[in-house]
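Fold and geometry: a report
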Amino acid sequence: VVGRNDTLRQILTELDGVPHLGSDELKDARDRAITLELTNRFAHIQNPHAEENALWVQAKRGVLAILRVQPAKDLIEALLQPVTEEHELLWEDIVDKELVTERMRMRKA
């Protein structure tokens, strides 16, 4: 069953329908080159969940950074450990590296 939102139907509607076999338009088209310019209507559509996905990625990076600084068998144990000066220095180093990586990523985009 073909619906009203069928892509081919939309294109034919935009072209004012299918030409008839005996029309002057078709006779002229046989004698001339035809050009057709296509535009992608969907090129500018953004992912509606892009912001949410970015937040998830950021949260995952944060958890991985915590586990690198304070290794433990699970996240809860890592979060309950007391923070030492060494942990603070490692954390600053990781955050600095993340900032540099993010800046490089932004320049490429």
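Relevant structure appears above.
To start, this report covers the structure provided alongside it. All residue numbers refer to positions counted from 1 along the written sequence of the respective chain. Only residues with pLDDT of at least 70 get local features here, since the model is predicted, and only at 80 or more are side-chain atom pairs given and counted; chain-wide, interface and lining totals rely on the full set of residues. Where side-chain values are given, they derive from all heavy atoms of the structure, hydrogens and water being excluded.

**Looking at the overall build of the protein chain**
Helix and strand definitions follow DSSP, with helices as H or I runs of at least four residues and strands as E runs of at least two, each counted in order from the N terminus. On a plain count of helices and strands, the protein chain comes out with 5 helices and 0 strands. The secondary structure elements of the protein chain, listed N-terminal to C-terminal, are α-α-α-α-α. Projecting the C-alpha coordinates of the protein chain onto the three principal axes gives extents of approximately 85 × 35 × 15 Å. Note on exposure labels: buried denotes an accessible area under 20% of the residue type's maximum, exposed denotes more than 50%, and partly exposed covers the range between, all computed with a 1.4 Å probe on protein chains only. Counting across all 109 residues of the protein chain, residues that qualify as buried make up 6%. For the protein chain, contacts bridging at least 24 residues in sequence account for 30% of all contacts bridging at least 6. The charge count includes Lys and Arg as positive and Asp and Glu as negative, but it does not include His or the ends of the chains. In this description, the location of a charge corresponds to atom NZ of lysine, CZ of arginine, CG of aspartate or CD of glutamate. Mean positive and mean negative side-chain charge positions of the protein chain (15 and 20 charges, respectively) differ by 5 Å. Two residues qualify as a contact provided that any one of their heavy atoms is within 4.5 Å of a heavy atom in the partner residue.

**Remarks on the pattern of salt bridges**
We define a salt bridge as a side-chain nitrogen of Lys or Arg found within 4 Å of a carboxyl oxygen belonging to Asp or Glu. Summed over all chains, the structure comprises 3 salt bridges. Across the pair Arg 61 and Glu 102 runs a salt bridge whose closest N-O atoms are separated by 3.8 Å. Pair noted here: Arg 61 is in helix H3 (residues 50–69) and Glu 102 is in helix H5 (residues 85–108), with a separation of 41 residues, a long-range link. In this structure Glu 102 comes out as partly exposed when scored by relative accessible area, which is 31%. Note that Lys 97 is salt-bridged to Asp 93, the shortest N-O span being 3.4 Å. With Lys 97 and Asp 93 both in helix H5, this residue pair falls 4 residues apart, about one helical turn. By relative accessible area, Lys 97 is classed as exposed at 53%. For Asp 93, a relative accessible area of 35% puts it in the partly exposed group. Each member of the salt-bridge network shares a partner with another, and the members are Arg 61, Glu 102 and Arg 105.

**Observations regarding the environment of Leu 90**
Mapped onto the elements, Leu 90 comes out in helix H5. Looking at Leu 90, the relative accessible area reads 35%, which means it is partly exposed. Note: C-alpha distance between Leu 90 and Ala 78 (12 residues apart in sequence) is 14 Å.

**Re the packing of H3 against H5**
In this analysis, axes come from line fits to C-alpha atoms, helices being fitted only over the stretch in contact, and the angle between any two N-to-C directions falls in the range 0 to 180 degrees. One can describe the packing of H3 onto H5 by two numbers: an axis separation of 9 Å at closest approach and a directional angle of 145°. As H3 packs across H5, the resulting crossing turns out to be right-handed. From H3, Arg 61, Gly 62, Ala 65, Ile 66, Arg 68 and Val 69 reach across to H5, where they touch His 87, Leu 90, Trp 91, Ile 94, Glu 98, Glu 102 and Arg 105. By the convention adopted, Pro, Cys, Tyr, Trp, Phe, Met, Ile, Leu, Val and Ala count as nonpolar, Lys, Arg, Asp and Glu as charged, and the other residues, Gly among them, as polar. Its residues placed into classes, the contact of H3 with H5 shows 6 nonpolar, 2 polar and 5 charged. Note on convention: near helix rotated counterclockwise from far helix by under a right angle means a left-handed crossing. Clockwise means right-handed.

**Considerations on a nonpolar patch on the surface**
Exposure above 30% relative accessible area and no salt bridge define the residues that can form patches, which grow by joining like charges within 9 Å and nonpolar side chains of Val, Leu, Ile, Met, Phe, Trp and Tyr within 5 Å. Residue-level accessible areas treat just the shown protein chains as cover; the underlying method is Shrake-Rupley with a 1.4 Å probe. There is a patch of nonpolar side chains on the surface, built from Leu 8, Ile 11, Leu 12, Leu 15 and Val 18 and spanning about 440 Å² of accessible area. Inspection of the secondary structure puts Leu 12 in helix H1 (residues 7–14). The class of Leu 12 is partly exposed, set by a relative accessible area of 31%.

**Topic: the side chain of Gln 70**
Within the secondary structure, Gln 70 is located in the loop between H3 and helix H4 (75–80). Polar side-chain contacts of Gln 70 include one of 3.3 Å to the backbone oxygen of Ala 78. Polar contact criterion, stated in full: a pair of N or O atoms within 3.5 Å, where within protein one must be able to donate a hydrogen and the other to accept it, and residues adjacent in sequence count only if both atoms are side-chain atoms.

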